[in-house]
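This is what each chain is made of:
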Amino acid sequence: MTKSDPFAGERLKHSPFHPRQAALNLRNAWSSWNGTQFADYYYDAEYEYFCIRNSCATYDICPMQKYEISGTDAEAMLDRMVTRDVTKLKENRVTYVCWCTDAGRMVDDGTIFKLGPDRFMLTCGSPSLAWLRKCTYGYKHLTVTDISDTLAGLSFQGPTTCEVLKKMGLMDIETLKPFGIMHFPFGSGSLMVSRTGFTGDLGYELWVQTDLALALWDALYDAGEDYGIQPYGEAATNMARLEAGFIMPGMEFNEALKTVHFHHDQTPFELGLDWLVDFKKARFNGRSALLIERERGPEYTLIKLDIEGNKPAEGSYLYRNKRCTKQIGYVTSAMWSPVVKANIALAMVKTKHLGENIWAEIYYEKELRQNSKVAKCTLQKKPFWAPPRARATPPQPF
Amino acid sequence: MKTYDAIIMGAGHNGLTNAAYLAKAGLDVLVVEKNAYIGGAAVSRELHTGFTYSNCSYVCSMMRQAIHRDLNLTRHGLVLVPYLGTVSFSDDGGTLVSYHTAEAEYNQLRARSPHDADAMFRFQTDLARYAQLIRKTLLRTPPDPTSFKPRDIMELLFLAKEFWALGEQEIYEYVRFFTMSAAEFLDDYFEDDLIKATMAGAGIIGTALGVYSPGSAYILLHHVMGDVDGNIGAWGLARGGMGAISNAIAGAAREFGAEIRTNAGVDKMLVRDGKAAGVVLENGEEIYSRIVVSNLDAKRTFTKIVDRKDLPPGIYEKASNFKIRGSSGKVNIALSGLPKFNNVPDNRYINRGGQAFVGSLETMERAYDCWKRGRWSEDPFIECVIPSAWDPTVAPPGQHWMSCFVQYCPPQLADGPWTAKKRNQFGQTIVNKIERYSPGFKDLIVHMEVRTPHEIEAEVGLTEGNIFQGELTIDQLLFNRPFPGYAQYRMPVKNMYMCGSSTHPGGGVSSACGANAAREILYDLKRPNVVPQDDFYDE
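All values derive from a computational prediction rather than experimental measurement.

Description of the domain arrangement of chain B
By a widespread convention, an interface's size corresponds to the accessible area lost as its parts come together.
Alright, step 1. Per the domain assignment, the segments of chain B are domain 1 (3-43 + 62-80 + 239-322 + 469-524), domain 2 (84-113 + 328-409 + 412-451) and domain 3 (120-229).
Alright, step 2. If you average the C-alpha positions of domain 1 of chain B and of domain 2 of chain B, the two centres end up 32 Å apart.

Below is the structure:
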């Protein structure tokens, strides 16, 4: 008999894709997400990033939280919880949403999948069961089930993805529109494919019961062999999503329910998510607070910056004068964008100073010596990377 | 009759860069190109259905990031993808793999020679130090050391400052480095022949020098000083082939209003009252302009395009004697599958990037001997890259194309002119050598394009098929390129400029020559400069 592992309680859970992913994680570069062991990168973060932009790559979204909400009250409950109008969502469509506290501060963002007339799936980064239960008060005809451990998800992103899925035998996959859902028989069960992702590129998310996870992996990697398929982790995800201008909890926003200091959390208006807030709805969580916020204007505004030079402005303060005495904000995420060839960043700037000059004070190290420089920043309206193939149906040839 | 502000001869990547910047500054610009397609030696062509060859240049590391960024080349369709993993093969079938991490690389070298594994750190550091200095000159106009103009004095001071920053000992080493051979330079560091041969390959590519010829050490540096996204020494592929670079620059140029005419080869440059005044096309058509910029190599420009009587004494001779010897061949091969090589593990990150058939220093030197005797090398140095293993757009899925760069292949054969038969024999020599390391390789071949210096000159226009538009030896570098006294892009005929790789900083798909020339032209026209600086001065 083998001796029991005295450290078992310290070890992280394994994703259903772990056996395949562990074999390919040549660098043993692991991170964690919601208690699950999860790759930071497998071979090289930049290489994996280029697979997203140049060929195709998979990202394990099993650790993401998934809840099935069903029943005749499901739609009404979700509609009250999130700021967007859920009643407009059609079956087999997905929508991006955020939800707030009564004070209008953002709890989290995620996606809602409408799987049937009274059946929805909500995905989000952080465990939210307790908040969901609060949001069900007053509704009788619904059940909320945490399906995080029974439904496996694999994000599949990049220009060759559609071709690979076709080769895998998914008929008519090229007709799937952005935010659409299709179902296919797979093994003893079924495979759900949504045209969604977190990279700003052409991409899909593949969903199966966990017992079919490895079969899905093998089928996908067989089909993708000649299309440059490669797994990627958190590092490459973070690069791709920043180029696409997508926000990340713990970077651009601090989840309201985890925020200790007053107003160190954010409102959707501060994060540029105005388009997600639908005041035509008679009621939703945070509505009255957000109405006031809309009138008054947000204190901070999330902006996209193109920064001169090539040193990423990680953790930089932003100023409205080159001497760096008048601070107006801070950088939330920054990187050198290899595809665009630009020094890009997302930043929070005091709204009243938008339209003025912005300077970043950047620190960098050169052979153990710290250096600093002041770089001019240019406000950027559009995402840094938004290729037409990401929106086109059918996607153009890669 | 319309008079353009500027006519640029040759739609290679430097000519297009020059046009883009002149047009950006508001000039009325025309680019004339002899071929039916643009790109010069940075070109993608589909010669066999489904396969897109980068016919000439095939990888890039010199492309100025500042220009890519400034001209918005990504928006015009350019994506540069780094490629990984090159395997070097020795004569006896031994292999040296280029691993992606320093740790794996160290372990591998240590298995061959613990001494060399340690020496590699010093070697890489020294190269980085030398590269750092040269890199800073790329997007700058070389100063004229005899001039007292404030611009030249400032520029000389800049160079001197960078030079002194090396430290006393390194200054001696650096000066020595410029005149050394690659093999001798490598002898300073390494004992293992395969390690040396692997490094030495970069010292002879595109050059009519052997690994033991003085000056080849600098060529080595020229090939490792580029970068991809700040990773110095890394090489990238242009998605869609090297033509994507030219096409993107052309896109930017057109957006700024430049006109590009293909099938418009220049026969002569027009000179009126001692000033460049336009061009005469091969079909006799005359087009007028206030400025003429030649993107052709110096020899072609001054021995074929500019009339000798329009030149001051001595220039024709200088151009005739300009060192631009053809030394390389290029074989592009379409394959029905991915070739497998002996002694290379089935590791997807290293078995599909590139293959360097270096043999040994001795083999490389013998290959050079063949060239000197007017024959192609019987056992050549071949550098292969399989772009389709990284770029899904250049071959059908599961099929591939392989770029084989061959050193050496002479522009003229000792036993008479190049013929189709000899060209095929040359191609077979390459295939036979690869087959030795990859049994079954021949069975994968579905199409082949064989290019000797003869074809490269005839199609691209590079004299003798020299890929650098003139050798990169110290007598033809910096303020000596192309000729002493003419290194600042202004040529002996007034209002005439050069913008090709015959000018500083020399060969490679860098866009630097074209951009530097544009800056000088705008300076002469007293227009504000629109050409960016490199972005790594805080490196």
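Next, the rest of the story.
Focus: unusual backbone geometry
Residue and element names in this part refer to chain B.
Alright, step 1. Between glutamine 407 and tyrosine 408 the backbone carries a cis peptide bond, its omega angle lying at 20 degrees.
Alright, step 2. Counting through the fold element by element, tyrosine 408 comes out in the loop between strand E18 (400-407) and helix H14 (420-437).
Alright, step 3. The step from histidine 504 to proline 505 runs through a cis peptide bond, and the omega angle for that step is 5 degrees.
Alright, step 4. By the secondary structure assignment, proline 505 is in the loop between strand E20 (496-498) and helix H17 (512-524).
Alright, step 5. Of note, leucine 478 is a non-glycine position whose phi angle comes to about 50 degrees, a positive value.
Alright, step 6. Structurally, leucine 478 is set in the loop between helix H16 (453-460) and E20.
Alright, step 7. Residue classification places leucine 478 among the partly exposed positions, given a relative accessible area of 26%.

Quick word on the packing of helix H2 (residues 45-54) of chain A against helix H7 (residues 234-244) of chain A
All names here are of chain A.
Alright, step 1. Taken N-terminus to C-terminus, the directions of H2 and H7 make an angle of 50 degrees; their axes are 8 Å apart at the nearest point. Judged by the angle between their axes, H2 and H7 are oblique. The handedness of the crossing between H2 and H7 is right-handed. In this structure, H2 contributes Ala45, Glu48, Tyr49, Ile52 and Arg53 to the contact, and H7 contributes Ala235, Ala236, Met239, Ala240 and Glu243.
Alright, step 2. Partitioned by chemical class, the residues of the contact of H2 with H7 number seven nonpolar, no polar and three charged.

Some thoughts on the interface of chain A and chain B
Alright, step 1. Listed by partner, the interface residues are 37 residues for chain A and 27 residues for chain B.
Alright, step 2. Carbon and sulfur atoms make up 49% of the area that chain A and chain B hide from each other, which totals about 2700 Å².
Alright, step 3. Considering only the surface of chain A that becomes buried against chain B, Tyr43, Asn54 and Lys341 of chain A emerge as the three largest contributors, covering 24% of it.
Alright, step 4. Our enumeration of links across chain A and chain B arrives at four salt bridges.
Alright, step 5. The shortest N-O distance in the salt bridge between aspartate 229 of chain B and lysine 341 of chain A comes to 2.9 Å.
Alright, step 6. On the surface where chain A and chain B come into contact, there are twelve residue pairs in polar contact (both at pLDDT 80 or more).
Alright, step 7. Secondary-structure elements contributing two or more residues to the side of chain A that touches chain B are H2, strand E13 (229-231), strand E14 (300-307), strand E17 (342-350) and strand E18 (358-366) of chain A.
Alright, step 8. In terms of residue count, the dominant contributor to the side of chain A that touches chain B is H2 of chain A (five residues).
Alright, step 9. Partitioned by chemical class, the residues of the side of chain A that touches chain B number 16 nonpolar, eight polar and 13 charged.

Observations concerning the domain arrangement of chain A
Alright, step 1. Domain boundaries in chain A define domain 1 (12-64 + 149-244), domain 2 (65-146) and domain 3 (300-398).
Alright, step 2. The C-alpha-based centres of domain 2 of chain A and domain 3 of chain A are spaced at 33 Å.

With respect to the sheet that holds strand E8 (residues 143-146) of chain A
Residue and element names in this part refer to chain A.
Alright, step 1. Taken in spatial order, the five strands make up an open sheet running E5-E6-E7-E4-E8, and their pairing is antiparallel. Only two strands of the sheet have a single neighbouring strand rather than two, namely strand E5 (93-100) and E8. Sheet twist, expressed as the average angle between the axes of neighbouring strands with direction ignored, equals 25 degrees.
Alright, step 2. As defined by bridge partners, strand E4 (residues 65-70) adjoins E8 across four bridges and the pair is classed as antiparallel. Across the sheet, tyrosine 67 pairs through a bridge with aspartate 146, a residue of E8.

Observations concerning the packing of helix H8 (residues 193-204) of chain B against helix H9 (residues 216-224) of chain B
Residues and elements named next belong to chain B.
Alright, step 1. Running from N to C, H8 and H9 point in directions that differ by 95 degrees, and their axes come no closer than 6 Å. One finds that H8 runs roughly perpendicular with respect to H9. Contacts between H8 and H9 involve Met199, Ala202 and Gly203 on the former and, on the latter, Ser216, Ile219, Leu220 and His223.
Alright, step 2. For the contact of H8 with H9, the per-class residue count stands at four nonpolar, three polar and no charged.

A closer look at the side chain of glutamate 471 of chain B
Alright, step 1. As for its position among the elements, glutamate 471 of chain B is in the loop between H16 and E20.
Alright, step 2. The contacts of glutamate 471 of chain B, once residues within four sequence positions are left out, are Thr207, Ala208, Leu209, Lys323, Ile324, Arg325, Asn466, Gln476 and Arg481 of chain B.

Reading the values: the criteria
- The numbering scheme is per chain: residues are counted from 1 as the chain's sequence reads.
- To read the labels, note that chains go from A and ligands from 1, taken in the order they are written.
- Residue-level local features of this predicted model are given only where pLDDT is at least 70; pairs of side-chain atoms are given and counted only at 80 or more, and the full residue set underlies all totals for whole chains, interfaces and linings.
- Excluding hydrogens and water, the side-chain figures rest on all heavy atoms present in the structure.
- Either an automatic procedure or a domain database provided the assignment from which the domain bounds are taken.
- Under the DSSP-based scheme used, a helix requires at least four consecutive residues in state H or I and a strand at least two consecutive residues in state E, with every element numbered from the N terminus.
- The buried label applies to any residue whose accessible area, calculated with a 1.4 Å probe on protein chains only, is under 20% of its type's maximum; exposed applies above 50%, and partly exposed to all values in between.
- Lines fitted to the C-alpha atoms define the axes, with helices restricted to the stretch that makes contact. Angles between their N-to-C directions range from 0 to 180 degrees.
- Roughly parallel here means an angle under 35 degrees, roughly antiparallel means over 145, roughly perpendicular means 65 to 115, and every remaining angle is called oblique.
- Crossing handedness: left-handed means the near helix sits turned counterclockwise from the far one by under a right angle, and right-handed means the same turn made clockwise.
- Any two residues having at least one pair of non-hydrogen atoms within 4.5 Å are treated as being in contact.
- In this classification, Asp, Glu, Lys and Arg are treated as charged, Ala, Val, Leu, Ile, Met, Phe, Trp, Tyr, Cys and Pro as nonpolar, and every other residue, Gly included, as polar.
- Two parts placed together each lose some accessible area; with a 1.4 Å probe, that loss summed over both constitutes the buried area.
- Only one rule defines a salt bridge in this text: a Lys or Arg side-chain nitrogen within 4 Å of an Asp or Glu carboxyl oxygen.
- As used in this structure description, the phrase polar contact means that two N or O atoms lie within 3.5 Å; if the pair is within protein, one of them must be able to donate a hydrogen and the other to accept it, and residues adjacent in sequence are counted only when both atoms belong to side chains.
- Note on pairing: two strands pair once DSSP finds at least 2 bridges between them.

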